[in-house]
Amino acid sequence: MVLTSLAVAQESPAIGWTLLDQFDQPYTANADLKVLLVAHDMAGSKLVKAALAERPAGYLEARHAAFVADISRMPAPISKLFAIPAMRDYSYRVLLDREPRVANRFPAQAEAVTWLQLDQGKVIATDQFNSAEILREALERGAP
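All values derive from a computational prediction rather than experimental measurement. Here the residue numbering is sequential within each chain, running from 1 through the sequence in written order. It should be noted that, the model being predicted, local features are given only for residues of pLDDT at least 70 and side-chain atom pairs only at 80 or more, the latter also being counted only at that level, while totals for whole chains, interfaces and linings use all residues. Think of the side-chain values as coming from all heavy atoms in the structure, minus any hydrogens and water.

**Student:** Tell me about the side chain of aspartate 70, and please be specific about residues and values.
**Tutor:** Runs of H or I in DSSP of at least four residues are treated as helices and runs of E of at least two as strands, each being numbered from the N terminus. Among the structural elements, aspartate 70 can be located in strand S5 (residues 65–70). Burial classes follow relative accessibility: with a 1.4 Å probe on protein chains only, a residue under 20% of its type's maximum area counts as buried, one over 50% as exposed, and anything between as partly exposed. Positive residues here are Lys and Arg, negative ones are Asp and Glu, while His and the chain termini are left out of the count. What counts as a salt bridge is simple: a side-chain nitrogen of Lys or Arg found within 4 Å of a carboxyl oxygen of Asp or Glu. Buried within the structure, aspartate 70 lacks any salt-bridge partner; its nearest side chain of opposite charge belongs to arginine 73, at an N-O separation of 4.4 Å. Identification of polar contacts relies on pairs of N or O atoms within 3.5 Å, with a donor-acceptor requirement for protein atoms, meaning one able to donate a hydrogen and the other able to accept it, and with residues adjacent in sequence counted only if both atoms are side-chain atoms. A distance of 2.6 Å separates the side chain of aspartate 70 from the side chain of serine 72, its partner in a polar contact. Ignoring anything within four residues of it in the chain, the contact list for aspartate 70 reads Ala39, His40, Asp97, Pro100 and Ala103. Note on contacts: a residue pair is in contact if any heavy atoms of the two residues lie within 4.5 Å.

Right, here's the structure in full:
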């Protein structure tokens, strides 16, 4: 279900940052980005994983979407030895926010995924999802 649907007026742009993905490849958010999904905890990451199950490689990119996972609270040895290697099997790119530098800019709700709708780098709407099925449907539509 969608937990909230709030219009957001944000002064600072939601683009211009760079994070490394699970393959240590850089990604820089630019004005082409339309949807930013942010998981602030493991439960949120699992929702994204379930929503993207059986979706082809490039699914998010085709929708001008990106996924940021806040892994800042995960102990470094666990992330390096187990979590990140497991993410390399995913069919989608996971942008790893290790500090966090990006995830903390946006609203968080425990056990949910934050959906940021962007227009030319500005956040125009924010939603929170706690259902993989509804998140998948929103991704198919391109909007919550």
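From this point, the narrative continues.
**Student:** Hey, could you go over the layout of surface pockets for me, with residue numbers and the actual values?
**Tutor:** Size it by volume and the largest pocket reaches roughly 300 Å³. Lining residues are those with an atom within 4 Å of a point, where the points come from a 1 Å grid over the protein atoms alone and group into cavities, where a 1.4 Å probe fits but cannot get out, or pockets, open sets with protein on both sides within 12 Å along at least five of seven lines. Considering the residues around the largest pocket, the lining is formed by 20 residues, among which Met42, Ser45, Ile71, Met74 and Met87 are closest to the centre. Secondary-structure elements contributing two or more residues to the lining of the largest pocket are helix H1 (42–51), S5 and helix H3 (76–87). Lys, Arg, Asp and Glu make up the charged group, whereas Ala, Val, Leu, Ile, Met, Phe, Trp, Tyr, Cys and Pro make up the nonpolar group; the residues left over, Gly among them, are polar. Of the residues assigned to the lining of the largest pocket, the class counts are twelve nonpolar, three polar and five charged. Grid points are joined across faces, edges and corners, and a volume is the space filled by probe spheres set on the points.

**Student:** Please set out the environment of arginine 101 residue by residue, giving values where relevant.
**Tutor:** Positionally, arginine 101 belongs in the loop between strand S6 (95–97) and strand S7 (113–119). Exposure remark for arginine 101: the relative accessible area of 35% places this residue in the partly exposed category. In the structure, arginine 101 is positioned ten residues away from serine 91 in sequence and 24 Å away in space, judged by C-alpha atoms. Once you skip the residues sitting within four places of it in the chain, arginine 101 turns out to touch Thr18 and Leu19.

**Student:** Describe the pattern of salt bridges, naming the residues involved and giving the relevant values.
**Tutor:** Pairs can form between side chains of opposite charge once their charged atoms are near each other. The full count for this structure, using the stated rule, is four salt bridges. Salt-bridge contacts for aspartate 24 lead to arginine 98; the nearest nitrogen and oxygen are separated by 3.9 Å. Residue aspartate 24 is located in the loop between strand S2 (18–21) and strand S3 (26–28), and its partner arginine 98 is located in the loop between S6 and S7; the two are separated by 74 residues in the primary sequence. According to the relative accessible area criterion, arginine 98 is partly exposed, its value standing at 37%. A salt bridge links glutamate 140 to arginine 55; the shortest N-O distance between them is 3.6 Å. Remark: arginine 55 occurs in the loop between H1 and helix H2 (59–62) and glutamate 140 occurs in helix H4 (residues 132–141); sequence separation between them is 85 residues.

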